[in-house]
Amino acid sequence: MNLKSLGLGVAGVAFALMPAVQAFAADDLVQVQSPHSVSDTMDRLVQAVEAAGAKVFARVDHAKGGASVGMDIPDNELLIFGNPRLGTPVIRDAQSAGLDLPIRVVVVETADGTALIYRSPAAMAAQHGLPADHPSIVLINGALDKLTAKAAGQ
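Residues numbered from 1 in each chain as written. Predicted model: local features only at pLDDT ≥ 70, side-chain atom pairs only at ≥ 80, totals over all residues. Heavy atoms only, no water.

Q: Explanation requested: the overall build of the protein chain in the structure shown.
A: Check the secondary structure of the protein chain and you find six helices and five strands. Helices (α) and strands (β) of the protein chain occur, in sequence order from the N terminus, as α-β-α-β-α-β-α-β-β-α-α. In the protein chain, which comprises 154 residues, the proportion classed as buried is 35%. Put simply, of all contacts in the protein chain between residues at least 6 apart along the chain, 65% involve residues at least 24 apart. (Helix = DSSP H or I, 4+ residues; strand = E, 2+ residues; numbered from the N terminus. Buried < 20%, exposed > 50% of the residue type's maximum accessible area, 1.4 Å probe, protein only. Contact = heavy atoms within 4.5 Å.)

Take a look at the structure:
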């Protein structure tokens, strides 16, 4: 059986799933306001991550990428980082969690100023069949709270 035999094209399936995906994603995001610019907030986040002993894997400037192909978007930078001591037990217990680890935090320019946004570790755990009180999920949640608060100057 395939999508064509069901009378559904890829676009039809995507359209049917879209409201559920949007609602799920919106409910699972944590947003922290920052009084600093996107670039300054990201610099502060990198410093906080490195000071905590975690590893920065990548810093992606989405606005710069868009500009390189003639498309403008508000400032938007992504940081991918992690600590194998925290993430490895999660992936060991649910290998699909490798889709969400290492951690990703996006810093964006919004109508209300700069915001750090990341997926709730509890939501990530639930998506991969782990309890919200999984010891590493609890530690990741605490680390994200502290790191984003430092980046925001709170």
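Q: Help me understand the sheet that holds strand β3 (residues 76-82), please; the structure alone is not making it clear to me.
A: Backbone hydrogen bonds are what pair the strands of a sheet, in a parallel or an antiparallel way. Ordered by their spatial adjacency, five strands build an open sheet running β1-β5-β4-β3-β2, and the pairing between neighbours is antiparallel. With one partner strand each, in any of the chains shown, β1 (29-34) and β2 (55-61) form the two edges of the open sheet. Neighbour-to-neighbour, the strand axes of this sheet turn through a mean angle of 20 degrees, independent of strand direction. Across the sheet, helix α2 (residues 38-51) touches β1, β2, β3, β4 (103-110) and β5 (113-119), and the angle it forms with β3 is around 5 degrees. Against the sheet, helix α6 (residues 135-152) makes contact with β1, β3, β4 and β5, and its axis sits at roughly 170 degrees relative to β5, the strand it touches most. (Pairing = 2+ DSSP bridges. Axes fitted to C-alpha atoms, helices over the stretch in contact; angles between N-to-C directions.)

Q: How do you make sense of α2 when you look at a structure like this?
A: In this model, α2 (14 residues) spans 20 Å end to end at C-alpha, consistent with the 20 Å of a helix rising 1.5 Å per residue. Taken as a whole, α2 has its buried residues at Val38, Thr41, Met42, Leu45, Val46, Ala48 and Val49. The buried residues of α2 all sit within an arc of 165 degrees when viewed along its axis, so they share a single face. In α2, the exposed positions that point more than 90 degrees away from the buried face belong to Gln47 and Ala51. Close packing links the buried residues of α2 with β1, β2, β3, β4, β5 and α6. Positive backbone phi, at 90 degrees, marks Gly53, one or two positions downstream of α2. (Expected span 1.5 Å × (residues − 1). Arc of directions from axis to C-beta.)

Q: Quick question: what am I supposed to make of unusual backbone geometry here?
A: Trans peptide bonds make up most of the peptide bonds, and negative phi angles are found at most residues other than glycine. Here the residue pair Leu101 and Pro102 is connected by a cis peptide bond, since its omega of 5 degrees sits within 30 degrees of zero. Mapped onto the fold, Pro102 is located in the loop between α4 (84-93) and β4.

Q: In this structure, what is going on with α6? I would like to understand it.
A: Under the 1.5 Å per step criterion, the end-to-end length of α6 is 26 Å for 18 residues, consistent within 8% with the ideal 26 Å. The set of residues buried in α6 consists of Ser136, Ile137, Ile140, Leu144, Leu147, Thr148, Ala149, Ala151 and Ala152.

Q: I tried to follow the packing of α2 against α6 on my own but got confused; where do I start?
A: One can describe the packing of α2 onto α6 by two numbers: an axis separation of 8 Å at closest approach and a directional angle of 135 degrees. Regarding the angle of α2 to α6, the classification is oblique. Considering how the two elements wind past one another, α2 and α6 form a crossing that is right-handed. Note on element contacts: α6 touches α2 through Leu147, Thr148, Lys150, Ala151 and Ala152, opposite Thr41, Arg44, Leu45, Ala48 and Val49. In the contact of α2 with α6, the residues fall into six nonpolar, two polar and two charged. (Parallel < 35°, antiparallel > 145°, perpendicular 65-115°, else oblique. Left-handed = near helix turned anticlockwise from the far one by under 90°. Nonpolar A, V, L, I, M, F, W, Y, C, P; charged D, E, K, R; others polar.)

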